[in-house]
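Below, each chain spelled out in residue letters.
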Amino acid sequence: GDVYKRQVNTPQDGVNIYGLFLEGASWERKKRMLIDSNPGEMYTKMPVIYFNPTVDYKPRPNDYQCPVYKTSVRAGSLSTTGESTNFILTVDLPTNESDPDFWVLRGTALLCQLNE
């Protein structure tokens, strides 16, 4: 069944996010990690992602810090903070690649909406 139609428990802390698209990679649901895209596959629907606020959070060194953008057009104007107005945050995604920069070179990102 569709991952969005399943009942998801509401967490006491944090929030569940759904509806994101993954570009430049696929998501292996059983192993819960990034994998290469299938041939001809531009975007993959991501499962629900649980965000939990954590004091002094330290990312795991082999996780890919995947940028999340509002749209698939990655350009945006620079805000007063010096970051693109299209950029939202990064999400740490597990990968079996020894160097997370593998995904940087592929332009792997999470998108809130597709501009097609």
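A brief report on the enclosed structure follows. What you see is a predicted model; the values in this text were computed from it and never measured. Residue numbers run consecutively from 1 along every chain, following the written order of its sequence. With pLDDT at 70 or above as the cut-off, local features in this predicted model cover only qualifying residues; side-chain atom pairs require 80 or more to be listed or tallied, and sums for whole chains, interfaces and linings still use all residues. The side-chain numbers reported here are obtained from all heavy atoms of the structure, hydrogens and water having been left aside.

### Thoughts on the overall build of the protein
Logical step 1: Each helix is a run of DSSP H or I of at least 4 residues and each strand a run of E of at least 2, with the numbering of both proceeding from the N terminus. Across its full length, the protein carries one helix and nine strands.
Logical step 2: When its helices and strands are written in sequence order, the protein yields β-β-β-β-β-β-β-β-α-β.
Logical step 3: By residue count, 30% of the 116 residues in the protein fall in the buried class.
Logical step 4: Every residue pair with non-hydrogen atoms within 4.5 Å of one another is taken to be in contact. Taking as baseline every contact in the protein between residues at least 6 positions apart, the subset at least 24 positions apart corresponds to 65%.
Logical step 5: Total accessible area on the protein stands at roughly 8,000 Å², and carbon and sulfur atoms take up 51% of it. Partly exposed describes any residue whose relative accessible area lies between the buried limit of under 20% and the exposed limit of over 50%, with all areas from a 1.4 Å probe on protein chains only and scaled to the type maximum. Each accessible area is a Shrake-Rupley result for a 1.4 Å probe, and residues are judged covered by the shown protein chains and nothing else.

### Some words on the nonpolar core
Logical step 1: Formed by 14 residues in total, the largest nonpolar core has its most connected members in Leu20, Leu22, Trp27, Leu34, Met46, Leu93 and Leu110.
Logical step 2: Looking at this core, the elements that each hand over two or more residues are strand S7 (64–71) and strand S8 (87–93).
Logical step 3: Sorting elements by how many residues they give to this core places S7 first, with three residues.
Logical step 4: With residues near it in sequence (within four places) discarded, Trp27 still touches Leu22, Arg32, Met33, Leu34, Ile35, Thr44, Met46, Pro47, Leu93 and Pro94. Side-chain atoms within 4.5 Å link the members of a nonpolar core, which is a set of buried Ala, Val, Leu, Ile, Met, Phe, Trp, Tyr and Cys residues.

### Quick look at the side chain of Ser72
Logical step 1: Mapped onto the elements, Ser72 comes out in the loop between S7 and S8.
Logical step 2: Leaving out residues up to four positions away in the same chain, Ser72 has contacts with Tyr43, Leu111, Gln113, Leu114 and Asn115.

### Describing the sheet that holds strand S9 (residues 109–113)
By way of backbone hydrogen bonds, the strands of a sheet pair with one another, either parallel or antiparallel.
Logical step 1: The criterion for strand pairing is that DSSP finds at least two bridges linking the strands in question. Read across the sheet, five strands follow the order S5-S2-S9-S7-S8 without closing on themselves; strand pairing throughout is mixed. The open sheet has two edge strands with one neighbour each: strand S5 (43–45) and S8. Looking at each pair of strands side by side, their axes are set apart by 30° on average, direction ignored.
Logical step 2: Summarising the sheet, S7 and S9 pair through three bridges and their orientation is parallel. To get an axis, a line is fitted to the C-alpha atoms, and for a helix only the part in contact is used. The angle between two axes follows their N-to-C directions and goes from 0 to 180 degrees.

### Details of unusual backbone geometry
Logical step 1: Even without a glycine there, the phi angle at Arg32 is positive, about 55°.
Logical step 2: Relative to the helices and strands, Arg32 is located in the loop between strand S3 (26–28) and strand S4 (33–35).
Logical step 3: Residue classification places Arg32 among the exposed residues on the basis of a relative accessible area of 60%.
Logical step 4: The backbone of Asp56 sits at a positive phi, close to 55°, despite the residue not being glycine.
Logical step 5: You can see Asp56 is positioned in the loop between strand S6 (49–51) and S7.

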